[in-house]
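In case you want the letters, here they are:
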Amino acid sequence: MIFSRVFRFAAAVVLVATVAACGGGGGGFLGGFDNNSGVTETEYRRERFPNSGNQIEEGDGSSIFDLFRQRDDGSKVGVNRYLWNAALDVLDFLPVQSVDPYTGVITTGYGVPPGGGRAYRATVYIRDPALEARSLNVSLQTQGGQPVSASTQRAVEDAILTRARQLRVGDSRF
């Protein structure tokens, strides 16, 4: 009984010491920041580590608390997921050549729509996270390189917007 209490206490001390060592403050007996020098810690680190950028204010990943900091590294996807999925659903007869969810571009190869006799290819550009008509731009081309009529292009955009609204309504039920 006494042995388990001593063991638990020792384990707690080791755990606290480990977490405290993760701070990476650079102070202490390893020759880090000395508060008696009259220089602030930020100035000291900028002078000693000039190529470290702005890691002092943002965290450099050396502390356990850096895990909980919000970082904005620009890796957020800025397109509407309903428009994205709807475009892939509506244009599923076209072979997808490339997709880039970060810029919102879907490029397809040539394909014949069901019930049609002409081959088309499409480039879809989703430029806004809002589920609105201004967020969507569809460009269609025939196999000969001719642009498609504005009414056909508008019909495809309307089909994508309708399908996106259906997907959104379907998600709101759950």
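Our structure's up above, just so we're on the same page.
1. Structural notes on the overall build of the protein
Logical step 1: In terms of helices and strands, the protein carries five helices and four strands.
Logical step 2: Counting across all 174 residues of the protein, residues that qualify as buried make up 22%.
Logical step 3: Long-range pairs, those at least 24 residues apart, make up 34% of the contacts in the protein with a sequence separation of at least 6.
Logical step 4: Total accessible area computed for the protein in this model is approximately 12500 Å², and 55% of it derives from carbon and sulfur atoms.

2. Description of the pairing of strand 3 (residues 120–126)
Logical step 1: Residues Tyr 120, Ala 122, Val 124 and Ile 126 point to one face of strand 3 and are all buried, whereas Arg 121, Thr 123 and Tyr 125, pointing to the other face, are not buried.
Logical step 2: In this sheet, strand 4 (residues 136–142) lies alongside strand 3 in antiparallel orientation, the contact comprising seven bridges. Of the residues in strand 4, the one forming a bridge with Tyr 125 is Asn 137.

3. Some thoughts on the nonpolar core
Logical step 1: Within the largest apolar cluster, 22 residues are counted, with the highest numbers of intra-cluster contacts made by Leu 83, Leu 91, Val 124, Ile 126, Leu 136, Val 138 and Ile 160.
Logical step 2: Residue assignment for this core shows that the elements contributing at least two residues are helix 4 (81–90), strand 3, strand 4 and helix 5 (150–172).
Logical step 3: In terms of residues, this core owes the most to one element, helix 4, which gives five residues.

4. What about the packing of helix 4 against helix 5?
Logical step 1: It is at 8 Å that the axes of helix 4 and helix 5 come closest, and there the two elements cross at 125 degrees. One finds that helix 4 runs oblique with respect to helix 5. You can see that helix 4 and helix 5 cross each other, and the crossing is right-handed. Of the residues in helix 5, those touching helix 4 at Arg 81, Tyr 82, Leu 83, Asn 85, Ala 86, Ala 87, Asp 89 and Val 90 are Ala 159, Ile 160, Leu 161, Arg 163, Ala 164, Leu 167, Arg 168 and Asp 171.

5. Quick look at the environment of Ala 87
Logical step 1: Within the fold, Ala 87 resides in helix 4.
Logical step 2: Judged by relative accessible area, Ala 87 falls into the buried class, the value being 2%.
Logical step 3: The sequence separation of Ala 87 and Ile 160 amounts to 73 residues, and the corresponding C-alpha distance is 5.4 Å.
Logical step 4: In this structure, Ala 87 is in contact with Ile 106, Val 124 and Ile 160, ignoring residues within four places of it in sequence.

6. Notes on the sheet that holds strand 3
Logical step 1: Judged by pairing direction, the sheet is antiparallel, and its four strands sit side by side in the order 1-2-3-4 without closing on themselves. Two strands in the sheet have a free side with no partner beyond their single neighbour: strand 1 (96–100) and strand 4. Taken pair by pair, the neighbouring strands of this sheet meet at an average axis angle of 10 degrees, ignoring direction.
Logical step 2: Pairing analysis gives three bridges linking strand 2 (residues 105–108) to strand 3, with the strands arranged antiparallel. Within the sheet, the bridge partner assigned to Ile 106 lies in strand 3 and is Val 124.
Logical step 3: Of the strands in this sheet, strand 1, strand 2 and strand 3 touch helix 4, which is tilted by about 5 degrees from strand 2.

7. Side note on helix 5
Logical step 1: The terminal C-alpha atoms of helix 5, which comprises 23 residues, lie 33 Å apart, in line with the 33 Å expected from a rise of 1.5 Å per residue.
Logical step 2: For helix 5, the complete set of buried residues consists of Val 156, Glu 157, Ile 160, Leu 161 and Ala 164.
Logical step 3: Where helix 5 is buried, its residues contact helix 4 and strand 4.

8. Re the side chain of Glu 157
Logical step 1: Position of Glu 157 relative to the elements: it lies in helix 5.
Logical step 2: One buried charged side chain, Glu 157, makes no salt bridge at all; its nearest oppositely charged neighbour is Arg 154, positioned 6.2 Å away.
Logical step 3: Sequence-distant contacts of Glu 157, defined by excluding residues within four places in its chain, comprise Leu 136, Asn 137 and Val 138.

Rules used in this analysis
- Residues numbered from 1 in each chain as written.
- Predicted model: local features only at pLDDT ≥ 70, side-chain atom pairs only at ≥ 80, totals over all residues.
- Heavy atoms only, no water.
- Helix = DSSP H or I, 4+ residues; strand = E, 2+ residues; numbered from the N terminus.
- Buried < 20%, exposed > 50% of the residue type's maximum accessible area, 1.4 Å probe, protein only.
- Contact = heavy atoms within 4.5 Å.
- Areas by Shrake-Rupley, 256 points an atom, 1.4 Å probe, with all protein chains shown as cover.
- Pairing = 2+ DSSP bridges.
- Core = buried A, V, L, I, M, F, W, Y, C linked by side-chain atoms within 4.5 Å.
- Axes fitted to C-alpha atoms, helices over the stretch in contact; angles between N-to-C directions.
- Parallel < 35°, antiparallel > 145°, perpendicular 65-115°, else oblique.
- Left-handed = near helix turned anticlockwise from the far one by under 90°.
- Expected span 1.5 Å × (residues − 1).
- Lys, Arg positive; Asp, Glu negative; His and termini not counted.
- Salt bridge = Lys/Arg side-chain N within 4 Å of Asp/Glu carboxyl O.

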